[in-house]
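In case you want the letters, here they are:
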Amino acid sequence: MADANTPLISMAEQFTGLPMQALIGGPLNAAAEANGMMAVAQTKFLLDTAFSFVKGTDTTADSYAPIMIQMTLTRGVLVPVNPEADPPVEPTIKQVQTSFDLPLLTILPLNSLAVDDVSIKFDMEVKSSFSEATSDKTEEKMAGASSFSAKVGYGIFSAEITGSASYDRTSSSGRDTHYEKSNSAKYSVSVHAGQLPLPDGVKTIIAAFTNAISPITMPVMGQ
Amino acid sequence: MSQYLPCPVCQSQIPIDLHLLAKGASLVCPNSACGAMVGVASNSLATLSTAVTRYQNLEALRPATKGAT
């Protein structure tokens, strides 16, 4: 017969036995390693594509020079009327083309190459239940019957006595016990790792490169 | 790959498509009052085209990265 004090499965033990480090850390480490590989590949890509290696001399160290690409800017410039011309020149729009150099680094979308979302969801559900049902029923039935008869005769007198006796007894007792207990636990782990933004220093360098392409007004000769 | 380049004339944000630029296309400033066009000079097309190809190869590593999750 089951004991009502039978212990349920320990939830803590169930979770302790799980290799949580491997279950959660494994995919996260894989993603981190992939991200690291991506960062290395990205750095190599940067150095190989956006920079040219400059071998140092005895007095200078090795360095990388940014590769520049030449871009053209075409815009319309309004040529005003020249009343002194003969015949007078009508105002026209002249297409002027300006060339400027731009570091290749500034137009490559570097910061989009990385693991931008890692989501690990691990659900474990452990259920433990215990149920006890006891039914005890006792029934006792007793019955008895007897009869007697006596006859006495004395001369002309006679007497007869008859009798009977019986008894009936019923006894019933019942016990019904129902015991049930359950235990459940759910363990959910959610890990999210996002990409860190570019360092401020890198942003500053790119901003400086970007601003460097803005046209500037050259001083007029003789002034 | 949405990138923007500040227009040298009006400072509006010009959307950049590297693939189009590498093919020699010019990008027009979205500011209709400006109308400036930005493109890559013909002598730099090969450099940009190489960079775009290498970038695509680098980007091809991304599915393997997502699979790790």
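Keep in mind it's a predicted model, so treat the numbers as computed, not measured.

**Brief notes about the overall build of chain B**
Inference 1: Scanning chain B for helices and strands turns up three helices and four strands.
Inference 2: Seen in sequence order, chain B has helices and strands lined up from the N terminus as β-β-α-β-β-α-α.
Inference 3: Buried positions account for 39% of the 69 residues belonging to chain B.
Inference 4: Sequence-distant contacts in chain B: of pairs separated by 6 or more residues, those separated by 24 or more amount to 26%.
Inference 5: Total accessible area computed for chain B in this model is approximately 3600 Å², and 52% of it derives from carbon and sulfur atoms.

**Quick look at the overall build of chain A**
Inference 1: The helix and strand tally for chain A stands at three helices and six strands.
Inference 2: Moving toward the C terminus, one meets the helices and strands of chain A in the order α-α-β-β-β-β-β-β-α.
Inference 3: Per-residue burial over chain A gives 22% buried out of 223 residues.
Inference 4: For chain A, contacts bridging at least 24 residues in sequence account for 70% of all contacts bridging at least 6.
Inference 5: If you sum the accessible surface of chain A, you get close to 16200 Å²; carbon and sulfur atoms cover 56% of it.

**Thoughts on the sheet that holds strand β4 (residues 92-103) of chain A**
Inference 1: Read from one edge to the other, the open sheet built from four strands follows the order β4(A)-β3(A)-β4(B)-β3(B), with strand pairing classed as antiparallel. Of all the strands in the sheet, the pair left with one neighbour each is β4 of chain A together with β3 (27-28) of chain B.
Inference 2: Here two bridges tie β3 of chain B to strand β4 (residues 37-40) of chain B, and the two strands are oriented antiparallel to one another. Looking at the pairing, L27 of chain B lines up with V38 of chain B of β4 of chain B.

**Some remarks on the side chain of S44 of chain B**
Inference 1: In this structure, S44 of chain B sits in the loop between β4 and α2 (45-59).
Inference 2: Of the polar contacts made by the side chain of S44 of chain B, one reaches the backbone nitrogen of Q70 of chain A; its length is 2.7 Å.
Inference 3: Here S44 of chain B is in contact with I69 and Q70 of chain A, once residues within four sequence places are set aside.

**Some points on unusual backbone geometry**
Inference 1: With a phi angle near 70°, Q11 of chain B is a residue other than glycine that sits in the positive phi range.
Inference 2: You can see Q11 of chain B is positioned in the loop between β1 (3-6) and β2 (13-16).

**Let's talk about helix α2 (residues 20-50) of chain A**
Residue and element names in this part refer to chain A.
Inference 1: Compared with an ideal rise of 1.5 Å per residue, which puts 31 residues at 45 Å, α2 spans 43 Å between its outermost C-alpha atoms and is within 8% of the ideal.
Inference 2: Remark: the principal bend of α2, roughly 35°, maps to G26, with a proline, P27, within the next four residues.
Inference 3: Listed in full, the buried residues belonging to α2 are M20, I24, G25, A31, A34, M38, Q42, F45, L46, T49 and A50.

**Examining a nonpolar patch on the surface**
Residue and element names in this part refer to chain A.
Inference 1: A contiguous nonpolar patch, built from L47, F53 and Y64 and spanning about 280 Å² of accessible area, is present on the exposed surface.
Inference 2: By secondary structure assignment, the location of L47 is in helix α2.
Inference 3: Given a relative accessible area of 31%, L47 falls into the partly exposed group.

**What about the pairing of strand β3 (residues 68-79) of chain A?**
Inference 1: As paired elements, β3 of chain A and β4 of chain A share 12 bridges and run antiparallel to each other. What sits directly across from L73 of chain A, in β4 of chain A, is T98 of chain A.
Inference 2: Relative to β4 of chain B, β3 of chain A runs antiparallel, the two being bridged by four bridges. Bridge pairing in β4 of chain B places T72 of chain A opposite G39 of chain B.

**Observations regarding the packing of α2 of chain A against α2 of chain B**
Inference 1: For the pair α2 of chain A and α2 of chain B, the least separation of the axes is 11 Å and the interaxial angle reads 170°. Classified by the angle between their axes, α2 of chain A and α2 of chain B sit roughly antiparallel to one another. Here M38, A41, Q42, F45, D48 and T49 of chain A of α2 of chain A lie close against α2 of chain B, whose contacting residues are A51, R54, Y55 and L58 of chain B.
Inference 2: For the contact of α2 of chain A with α2 of chain B, the class distribution of residues is six nonpolar, two polar and two charged.

**Examining the pattern of salt bridges**
All names here are of chain A.
Inference 1: This model, assessed by the stated rule, comprises one salt bridge over all chains.
Inference 2: A salt bridge links D48 to K44, with the nearest nitrogen and oxygen atoms 2.9 Å apart. Remark: K44 and D48 occur in helix α2; sequence separation between them is four residues, near one turn of the helix.
Inference 3: Residue classification places K44 among the exposed residues on the basis of a relative accessible area of 54%.

**A short note on the confidence of the model for chain A**
Inference 1: Summary statistics for chain A give a mean pLDDT of 75 and a share of 70% for residues scoring 70 or more.
Inference 2: By mean pLDDT, the top-scoring element of chain A is strand β1 (residues 51-54) of chain A (90), and the lowest-scoring one is helix α1 (residues 11-16) of chain A (69).

What counts as what
- Residues numbered from 1 in each chain as written.
- Chains lettered and ligands numbered in written order.
- Predicted model: local features only at pLDDT ≥ 70, side-chain atom pairs only at ≥ 80, totals over all residues.
- Heavy atoms only, no water.
- Helix = DSSP H or I, 4+ residues; strand = E, 2+ residues; numbered from the N terminus.
- Buried < 20%, exposed > 50% of the residue type's maximum accessible area, 1.4 Å probe, protein only.
- Contact = heavy atoms within 4.5 Å.
- Areas by Shrake-Rupley, 256 points an atom, 1.4 Å probe, with all protein chains shown as cover.
- Pairing = 2+ DSSP bridges.
- Polar contact = N/O pair within 3.5 Å; in protein donor to acceptor, adjacent residues only side chain to side chain.
- Expected span 1.5 Å × (residues − 1).
- Bend = angle between axes of the 7 residues up to and from the residue.
- Patch = residues over 30% accessible without salt bridge, like charges linked within 9 Å, V, L, I, M, F, W, Y side chains within 5 Å.
- Salt bridge = Lys/Arg side-chain N within 4 Å of Asp/Glu carboxyl O.
- Axes fitted to C-alpha atoms, helices over the stretch in contact; angles between N-to-C directions.
- Parallel < 35°, antiparallel > 145°, perpendicular 65-115°, else oblique.
- Nonpolar A, V, L, I, M, F, W, Y, C, P; charged D, E, K, R; others polar.
- pLDDT = per-residue confidence, 0-100.

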